[in-house]
Amino acid sequence: MTPSPHTEPTKEPACRRGSGPRPRRTALLTTLTAAAALLLAACGGSGTSNPATSHPEPLPSPTSTAQRMSAKNLGYTWPLTVDHGTAECRKGTQAVFTAPDGTVYALNDRARDAGYRDIGPLRAKGDGGDPISLGSLLGKTLKLCKAAG
């Protein structure tokens, strides 16, 4: 039986009609997966398979906007060529890292835009040759911003 042009439209959502494959959704997921892989490669993320610290020492809960951190605290995710320094949140969410020699480096765009040096020269390389992601260090530093509030 052919439906009449005057029949009520179906109340079932379009995403539930039919049970066949959904090529658009599959293509979108494939594209998003590929984009995520490229983003991880571009941002670093490779680590070292032989870290100096395999069992990190937990950091104490932050009580101020600055905290000493080291490779012992972050283990294989430590992203720098120096083994320690001070992470700090300045003026809102400017995340910076002070190296042992006293030089202050930007960990995020807000700090870089405020004039702090780029952390690039201190970035360690992972086994794949890419810089190790700053994510772990940056995340711990941004928690210091919350400690101030």
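This part takes up the packing of aromatic side chains. On inspection of all chains with the given rule, the structure shows 1 aromatic pair. Aromatic side chains tryptophan 78 and phenylalanine 97 sit 6.0 Å apart centroid to centroid with 70° between the ring planes, which places their arrangement in the edge-to-face category. One end of the pair, tryptophan 78, is in the loop between helix H2 (71-74) and strand S2 (84-90); the other, phenylalanine 97, is in strand S3 (residues 94-98), and 19 residues separate them in sequence. A residue is classified by how much of its surface remains accessible, and tryptophan 78, at 6% relative accessible area, is buried. The class for phenylalanine 97 is buried, based on a relative accessible area of 0%.

A few words on the sheet that holds strand S4 (residues 104-106). The 5 strands lie next to each other as S1-S2-S3-S4-S5, forming an open sheet whose pairing is mixed. The open sheet is flanked by strand S1 (66-70) and strand S5 (117-118), the only strands paired with a single partner. Pairing analysis gives 5 bridges linking S1 to S2, with the strands arranged antiparallel. Note on S2: the bridge partner recorded for arginine 68 is threonine 86.

Along the chain, alanine 99 falls in the loop between S3 and S4. The spatial distance from the C-alpha of alanine 99 to the C-alpha of threonine 81 is 10.0 Å, given a sequence separation of 18 residues. Beyond its immediate sequence surroundings of up to four residues, alanine 99 is in contact with Tyr105 and Leu122.

It is worth spelling out the side chain of asparagine 73 at this point. Position of asparagine 73 relative to the elements: it lies in helix H2. At a separation of 3.0 Å, a polar atom in the side chain of asparagine 73 contacts the main-chain carbonyl oxygen of glutamate 57. Those residues within four positions of asparagine 73 in sequence are excluded, and the remaining contacts are Pro56, Glu57, Pro58, Leu59 and Arg68.

Parameters at a glance
Residues numbered from 1 in each chain as written. Predicted model: local features only at pLDDT ≥ 70, side-chain atom pairs only at ≥ 80, totals over all residues. Heavy atoms only, no water. Phe/Tyr/Trp six-rings, centres within 6.5 Å; stacked < 30°, edge-to-face > 60°. Helix = DSSP H or I, 4+ residues; strand = E, 2+ residues; numbered from the N terminus. Buried < 20%, exposed > 50% of the residue type's maximum accessible area, 1.4 Å probe, protein only. Pairing = 2+ DSSP bridges. Contact = heavy atoms within 4.5 Å. Polar contact = N/O pair within 3.5 Å; in protein donor to acceptor, adjacent residues only side chain to side chain.

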